[in-house]
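Each chain, letter by letter, is given below.
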Amino acid sequence: MPSYTIHKHSLAAQYQKSNPKHYPIQVIKNHPIVKLLDKVYDYYLSHAKYHCILWTIDQILNAHPPTDTLLDELQQASAALESAAPLEILQWAVEQYAPNFAMATAFGPEGMTMIYMLSQFAPETPIFNLDTGYQFQETLDLRDQVKSRYGMDVRLAKPALDVAQYEDLNGGPVYKSNPSQCCYDRKLSLLEQVASELQCWSSAIRRDQSPDRATAPIVGWDTKFGLIKVSPLANSTKADIWKMITDNNIPYNPLHDKGYPSIGCWPCTRKISLGEDERAGRWSGTAKTECGLHSIDKNEN
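In what follows, the accompanying structure is described. (Residues numbered from 1 in each chain as written. Predicted model: local features only at pLDDT ≥ 70, side-chain atom pairs only at ≥ 80, totals over all residues. Heavy atoms only, no water.)

**Observations concerning the pairing of strand 4 (residues 127–130)**
Alternating residues of strand 4 divide into I127 and N129 and F128 and L130, and every residue in both groups is buried. In terms of strand pairing, strand 3 (residues 101–104) meets strand 4 through 2 bridges, oriented parallel. Paired with M103 across the strands is I127, a residue of strand 4. In this fold, strand 3 hands off to helix 7 (residues 109–121), which returns the chain to strand 4; that crossover is right-handed. Alignment of strand 4 against strand 5 (residues 154–157), held across 4 bridges, turns out to be parallel. Paired with I127 across the strands is V154, a residue of strand 5. Between strand 4 and its parallel partner strand 5, the chain crosses via helix 8 (residues 137–150), and the hand of that crossover is right-handed. (Buried < 20%, exposed > 50% of the residue type's maximum accessible area, 1.4 Å probe, protein only. Helix = DSSP H or I, 4+ residues; strand = E, 2+ residues; numbered from the N terminus. Pairing = 2+ DSSP bridges. Right-handed = clockwise from strand over helix to strand, strands pointing away.)

**Brief notes about the sheet that holds strand 5**
Taken in spatial order, the 6 strands line up as 5-4-3-6-8-7 in an open sheet, and their pairing is mixed. Two strands lie at the open edges of the sheet, namely strand 5 and strand 7 (219–222), each paired on one side alone. Here the strands of the sheet are splayed against their neighbours by 35° on average, with no regard to which way each runs. Where strand 7 and strand 8 (residues 227–230) come together, 4 bridges link them in antiparallel fashion. The residue of strand 8 that forms the bridge with W221 is I228. (Axes fitted to C-alpha atoms, helices over the stretch in contact; angles between N-to-C directions.)

**Describing unusual backbone geometry**
In this structure, the amide linkage connecting A98 to the following residue, P99, adopts the cis form with an omega of 10°. Within the fold, P99 resides in the loop between helix 6 (86–97) and strand 3. Even without being a glycine, F107 presents a positive backbone phi close to 65°. With respect to the secondary-structure elements, F107 resides in the loop between strand 3 and helix 7. On the basis of relative accessibility, which here comes to 1%, the residue F107 falls in the buried class.

If you want it as structure tokens, here you go:
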């Protein structure tokens, strides 16, 4: 297994070398977290995890926690938009935060409706997909349809290691042994990186999809990723989404017609049976119900 040996005090030097802001070496060395890491003589880490450490240092040095004023403003905005239509909420987000605003999509029905809405008034809005390497081909095909239908490019954010490298490094498929770790390595860590470039991101979650999503505000501070999060479809229902798709001839994943109401990575997604919850096919047979992107932190506002 390839590994890197990181010797005492080299974390600060390596971070300084890799960071375009070029913080003075003493500032980095004297940060308590870096000093704690440097107490260990050697680090034998994979290439991917090594870069996670450098990214973590970057987040520590650049962390800007939200002020009470900002949190109050977000709460007021969320309350004011509680009864607004999804299009109005999306327009508000673009007006407030573009060009530092982007939308994340897994090309689900909800995401496809939001892409349609953006195409009507702000097609230049950055859209990204967290490409784990395990997505269904039918899912990826929708990216081409978005381009041909709306002229919009969806950026594929990819992990540093491809699937073969990742599985070789970990002795096999991590989704079998530790699905939560796989979700972090192949998905959440990607959003952490993308989020560092933004002020606000938008997701296509609905409150009625799961207990974790039930309390999602329309607008709030995403403590997990350190930026503002807007959820225009929070109050929408499954019926609302499919009506919009039908009324506007919005393309959607053909797997939805084959018993897959909720689609993630192919190893962790199955068809559901009649009467099952729409997310029952995700991580079936485990206690896991969310990848972690939309799990509500207890301190999240």
